Amino acid sequence: MNEFRMLGTLEIFDGHNWKAVEAPKIRTVLAVLLTANGRVVSLARLIDELWYNGPQQKRDQRNLVQQYVMKLRRRLGDRNHSVLVTKAPGYCLNFEPAQLDARRFEELHAEGQELFAAGVYERAFNVLGDALDLWRGAPLEGVPASPTVLAEAERLEEARLAAAEMRIDASHHNGGYAATLAELRTLRDANPLREGLWMKEMIALRECGRRADALEVYQRARRTLREELGLEPSVDLRDLQQRILVGFHG
């Protein structure tokens with residue numbers, strides 16, 4: 001049974017080894033079919049995805065899609081067409097959620113959210129850690145840009161950031177402020193316009209007794225928002241700065 005990975009380079013497990021899909025067009029076909037979660041993807045949509053940046057003659061496109069599907073079937077060892085199924089008006093890929101790392105991530109993320117909402121912070125921290133451990137790089141890394149690929153990569157990246165933030169919050173609920181500082185800096189550097197990350201870093205520093213450093217982080221956040229967006233910090237961020245200035249921990 002094949003397994004698939006899309007949280008990083010697109011790869012297929014053939015029962016023995018993980019192998020990347022070399023041909024760019026075949027990567028796109030596989031990515032679009034995986035993103036469809038077993039639903040049929042029409043031939044017309046595959047054409048739109050594959051030639052997003054440069055159409056060819058319609059006849060050539062239809063024939064080429066059929067060739068890409070045939071080559072992908074060979075790559076999957078799908079001799080009887082039971083995995084990559086031809087079904088009007090196009091194709092669908094039969095797989096279970098457990099066979100795809102992105103779906104496993106989403107299931108663990110959802111479980112972590114439920115645990116967090118129930119106040120089971122230590123367990124939430126561990127489950128969210130398991131979810132984030134599935135990531136090996138940027139989602140669908142190396143797959144040519146297409147409407148589906150771009151949208152799915154953005155959606156998954158946002159989910160990863162949300163899971164990472166919630167895991168930090170779970171750690172903070174258990175007093176693990178110092179342990180999150182390095183991760184917070186990395187996340188904040190990668191997402192400098194996300195005010196919530198600046199706030200979490202300020203809170204962590206305050207709780208570690210580093211009030212001056214927390215206030216310096218606020219000034220950096222303010223400069224960044226002014227330079228990048230031409231905006232002042234939000235009310236929440238300004239209020240947090242004021243609470244730190246007066247030594248209030250609420």
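What you see is a predicted model; the values in this text were computed from it and never measured. (Residues numbered from 1 in each chain as written. Predicted model: local features only at pLDDT ≥ 70, side-chain atom pairs only at ≥ 80, totals over all residues. Heavy atoms only, no water.)

Caption draft 1: Summary view of the packing of helix α8 (residues 195-207) against helix α10 (residues 235-245). With their axes 10 Å apart at the nearest point, α8 and α10 run at an angle of 10° to one another. If you check the angle between α8 and α10, you find them roughly parallel. Across the interface between the two elements, E195, M199, M202, I203 and R206 of α8 pack against D236, L237, L240, Q241 and I244 of α10. Classifying every residue of the contact of α8 with α10 by side-chain character gives six nonpolar, one polar and three charged. (Axes fitted to C-alpha atoms, helices over the stretch in contact; angles between N-to-C directions. Helix = DSSP H or I, 4+ residues; strand = E, 2+ residues; numbered from the N terminus. Parallel < 35°, antiparallel > 145°, perpendicular 65-115°, else oblique. Contact = heavy atoms within 4.5 Å. Nonpolar A, V, L, I, M, F, W, Y, C, P; charged D, E, K, R; others polar.)

Caption draft 2: Spotlight on the pattern of salt bridges. For the structure shown, the criterion picks out 25 salt bridges. Across the salt bridge formed by R194 and E165, the nearest N and O atoms sit 2.4 Å from each other. You can see R194 sitting in the loop between α7 (177-190) and α8 and its partner E165 sitting in helix α6 (residues 147-173), a full 29 residues away along the chain. Residue R194 is classed as partly exposed on the basis of its relative accessible area of 24%. We note a salt bridge from R185 to E201, for which the minimum N-O separation is 3.8 Å. (Salt bridge = Lys/Arg side-chain N within 4 Å of Asp/Glu carboxyl O. Buried < 20%, exposed > 50% of the residue type's maximum accessible area, 1.4 Å probe, protein only.)

Caption draft 3: Focus on the environment of Y91. Mapping Y91 onto the fold places it in strand β6 (residues 90-93). The sequence separation of Y91 and V40 amounts to 51 residues, and the corresponding C-alpha distance is 5.3 Å.

Caption draft 4: Local environment of the packing of aromatic side chains. Taken as a whole and assessed by the stated rule, the structure comprises five aromatic pairs. Their ring planes at 70° and their centres at 5.2 Å tell us that F116 and Y121 sit as a pair that is edge-to-face. Under the relative-accessibility criterion, Y121 is labelled partly exposed at 22%. Just above the ring of W18 sits the side chain of R5; from NZ or CZ to the centre is 4.0 Å. It is R167 that lies over the ring of F125; its NZ or CZ is 4.0 Å from the centre. (Phe/Tyr/Trp six-rings, centres within 6.5 Å; stacked < 30°, edge-to-face > 60°. Lys NZ or Arg CZ within 6 Å of the ring centre and 35° of its normal.)

Caption draft 5: Quick peek at the sheet that holds strand β4 (residues 41-42). Strand order in the open sheet formed by three strands is β4-β6-β5, with antiparallel pairing between adjacent strands. Each edge of the sheet is formed by a strand with only one pairing partner; in this case those strands are β4 and β5 (84-87). Pairing of β4 with β6 involves two bridges; the strand directions are antiparallel. Each residue of the ladder has a partner; that of S42, found in β6, is G90. Along the sheet face, helix α1 (residues 24-35) touches β4, β5 and β6 and points at about 70° away from the line of β6. (Pairing = 2+ DSSP bridges.)

Caption draft 6: Broad picture of the side chain of E49. For E49, the location among the structural elements is in helix α2 (residues 43-50). Those residues in contact with E49 that lie beyond four places of it in its chain are T28, V32, A145, S146, P147, T148 and V149.

Caption draft 7: Region of the structure containing α10. Restricting attention to buried positions, one finds in α10 the residues L237, L240, Q241 and I244. Angularly, the buried residues of α10 cover 100° about the axis, an arc narrow enough to put them on a single face. Contact partners of the buried residues in α10: α8 and α9 (211-229). Remark: G247 follows α10 within two positions and exhibits a positive phi of approximately 80°. (Arc of directions from axis to C-beta.)

Caption draft 8: Representation of the nonpolar core in the model. In this structure, F4, L30, L34, V65, L72 and L93 are the most contacted members of the largest nonpolar core, which totals 71 residues. Per-element tally for this core: the top contributor is α6, with nine residues. (Core = buried A, V, L, I, M, F, W, Y, C linked by side-chain atoms within 4.5 Å.)

Caption draft 9: A look at the pairing of β6. Of the strand pairs in this sheet, β5 and β6 are connected by four bridges, and their pairing is antiparallel. Within β6, the position partnered with K87 by the bridge is G90.

Caption draft 10: Region of the structure containing α7. The terminal C-alpha atoms of α7, which comprises 14 residues, lie 20 Å apart, in line with the 20 Å expected from a rise of 1.5 Å per residue. Largest kink in α7: about 30°, centred on E183. Within α7, the full set of buried residues consists of Y177, T180, L181, L184, L187 and R188. Tucked inside the fold, the buried residues of α7 contact α6, α8 and α9. (Expected span 1.5 Å × (residues − 1). Bend = angle between axes of the 7 residues up to and from the residue.)

Caption draft 11: The sheet that holds strand β1 (residues 3-5), seen in detail. Within the open sheet, the three strands sit side by side as β1-β2-β3. Their pairing is antiparallel. With partners counted over all chains shown, the strands left at the sheet margins are β1 and β3 (18-20), one partner each. Put simply, the sheet's adjacent strands are angled 25° from each other on average, direction ignored. Where strand β2 (residues 11-13) and β3 come together, three bridges link them in antiparallel fashion. Bridged to F13 within β3 is W18.

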